[in-house]
Amino acid sequence: MKNQATESELDDIFEKIDHYIDKCEEDNNLDKAEALLKESLEQMSNPTLQSRMYAMLAAVEFWRYNYAEEGSKERMAIARKGADLAQRAADLDDGNVYANAWAAAMLGIYGQEEGILSILHYIPKIEAYAKRALELDESYNNAMPHQILGNLYRLSPPKPIGVGSKKKSLEHLSRARNLAPTCPVAALSLAELQLARRKKEEARKEIRFVLEFDIVEHGPVFASKQKEKAKELLERL
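Below, the structure is looked at part by part. None of these values were measured; they are calculated from a predicted model.

## Remarks on the overall build of the chain
Counting its regular elements, the chain contains 11 helices and 0 strands. Each helix and strand of the chain, ordered N terminal to C terminal, gives the series α-α-α-α-α-α-α-α-α-α-α. Over its C-alpha atoms the chain spans a radius of gyration of 18 Å, differing by no more than 12% from the 18 Å that the globule rule assigns to 237 residues. Viewed in the frame of its principal axes, the chain has a C-alpha envelope of about 60 × 40 × 35 Å. Within the chain, the proportion of its 237 residues that are buried is 49%.

Written out as structure tokens, the structure reads:
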């Protein structure tokens, strides 16, 4: 019989996890988050709590993926592991925002790593998970559901092959910017869409925001990557 953590203990656990991810470039914080989640899972029998913890383990892999070398075997392995963890979260309880948001994100990443045929296969599931996450909490994690849907509609081929739609993408990415006005990732996604729409001044506004904003979340490597991407987009104007 597993011992269930108290509500106070659970709040403390998830607060620590959020801190480790927010400061993921410090003190091996992703490893700390993973260790705490695995330890906590051993004490859990509630499927909803297990689902949330597996979703946060997928979030840890999401950030590991972002720091791994592009095109490396390690990056592919991280994407596969993250997708498996997120799918397990969704299988345990598909009624919470954590499972749906991270399942959508990690299936998208894994599909991209596997190639065009794979990502086309996953598009319906990605869209369904992201829409469910949006219904549960559209503001979760810097409006993550809107960001996922916005980028899905931005990057996908149009019907009948995919679900691509610049109109839908604009709706979701604009909403993400409203809900998460300090998120550089949302700003850059909207900038890329505006470039694709040939709206250069609108794109410039988003790029300038990222270049001028003092990015403190996650750490200096994350900030540098966002600034570099903004500079690359600026060169395309």
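## With respect to the pattern of salt bridges
A pair can form between side chains of opposite charge whenever their charged atoms are brought close. The tally for this structure, following the rule as stated, stands at 16 salt bridges. Two residues, Glu34 and Lys38, come together in a salt bridge whose shortest N-O distance is 3.6 Å. A residue pair is termed a helical-turn pair when its members lie 3 or 4 positions apart in one helix, as Glu34 and Lys38 do in helix α2 (residues 29-41) at 4 residues. Across the salt bridge formed by Glu34 and Arg64, the nearest N and O atoms sit 3.0 Å from each other. Of this pair, Glu34 sits in helix α2 while Arg64 sits in helix α3 (residues 47-67), and the two are 30 residues apart along the sequence.

## What about the nonpolar core?
With 72 residues, the main nonpolar core has Ile17, Met53, Met56, Trp102 and Ile126 as its most contacted residues. Here the element with the most residues in this core is α3; it accounts for 12 residues. Not counting residues up to four positions away in its chain, the partners in contact with Ile17 are Ala33, Leu36, Leu37 and Met56. Counting residues in hydrophobic clusters, the runner-up holds 5 residues, among them Ala143, Ala176, Ala180 and Cys183.

## Things to note about the packing of helix α9 (residues 184-196) against helix α11 (residues 220-235)
The interhelical angle for the contact between α9 and α11, taken along N-to-C directions, is 15°, at an axis separation of 11 Å. As far as their axial angle goes, α11 and α9 are roughly parallel. Relative to α11, α9 is oriented so that their crossing is left-handed. Across the interface between the two elements, Pro184, Val185, Leu188, Ala191, Glu192 and Leu195 of α9 pack against Phe222, Gln226, Lys229, Ala230 and Leu233 of α11.

## A word on a negative patch on the surface
Together, Glu7, Asp11, Glu15, Asp18 and Asp22 make up a region of like negative charge exposed at the surface. Considering the arrangement of structural elements, one finds Asp18 in helix α1 (residues 7-22). Taking the relative accessible area as the measure of exposure, Asp18 reaches 38% and is therefore partly exposed.

## Points about the packing of helix α5 (residues 97-114) against helix α6 (residues 116-136)
Two measures define how a pair of helices packs: the angle their axes make with one another and the distance between the axes. For the pair α5 and α6, the least separation of the axes is 8 Å and the interaxial angle reads 160°. In terms of orientation, α5 lies roughly antiparallel with respect to α6. Two packed elements cross with a definite hand, and for α5 against α6 that hand is left-handed. Contacts between α5 and α6 involve Val97, Asn100, Ala101, Ala103, Ala104, Leu107, Gly108, Tyr110, Gly111, Gln112 and Glu114 on the former and, on the latter, Ser118, Ile119, Tyr122, Lys125, Ile126, Tyr129, Ala130, Arg132, Ala133 and Leu136.

## Some remarks on the packing of aromatic side chains
In the structure shown here, the tally under the stated rule is 7 aromatic pairs. Residues Phe62 and Trp102 carry aromatic rings whose centres are separated by 5.3 Å and whose planes lie at 70° to one another, so their mutual orientation is edge-to-face. With Phe62 in helix α3 and Trp102 in helix α5, this residue pair connects regions lying 40 residues apart in the sequence. Neither Phe62 nor Trp102 differs from the other in exposure class; each is buried. Ring geometry for Tyr98 versus Tyr140: centroids 5.4 Å apart, planes at 85°, classification edge-to-face. With Tyr98 in helix α5 and Tyr140 in helix α7 (residues 140-155), this pair connects stretches of sequence that are 42 residues apart. The partly exposed category is assigned to Tyr98, whose relative accessible area is 22%. Through successive ring pairs, a cluster of aromatic residues spans Phe62, Trp63, Tyr67, Trp102 and Phe222. Above the plane of the ring of Tyr153 lies Lys168, whose end atom (NZ or CZ) is 5.3 Å from the centre. Taking the ring centre of Phe209 as reference, the NZ or CZ of Arg177 above it sits at 4.7 Å.

Cut-offs used in this document
- Residues numbered from 1 in each chain as written.
- Predicted model: local features only at pLDDT ≥ 70, side-chain atom pairs only at ≥ 80, totals over all residues.
- Heavy atoms only, no water.
- Helix = DSSP H or I, 4+ residues; strand = E, 2+ residues; numbered from the N terminus.
- Rg over C-alpha atoms; globule rule 2.2 N^0.38 Å.
- Buried < 20%, exposed > 50% of the residue type's maximum accessible area, 1.4 Å probe, protein only.
- Salt bridge = Lys/Arg side-chain N within 4 Å of Asp/Glu carboxyl O.
- Core = buried A, V, L, I, M, F, W, Y, C linked by side-chain atoms within 4.5 Å.
- Contact = heavy atoms within 4.5 Å.
- Axes fitted to C-alpha atoms, helices over the stretch in contact; angles between N-to-C directions.
- Parallel < 35°, antiparallel > 145°, perpendicular 65-115°, else oblique.
- Left-handed = near helix turned anticlockwise from the far one by under 90°.
- Patch = residues over 30% accessible without salt bridge, like charges linked within 9 Å, V, L, I, M, F, W, Y side chains within 5 Å.
- Areas by Shrake-Rupley, 256 points an atom, 1.4 Å probe, with all protein chains shown as cover.
- Lys, Arg positive; Asp, Glu negative; His and termini not counted.
- Charge placed at Lys NZ, Arg CZ, Asp CG, Glu CD.
- Phe/Tyr/Trp six-rings, centres within 6.5 Å; stacked < 30°, edge-to-face > 60°.
- Lys NZ or Arg CZ within 6 Å of the ring centre and 35° of its normal.

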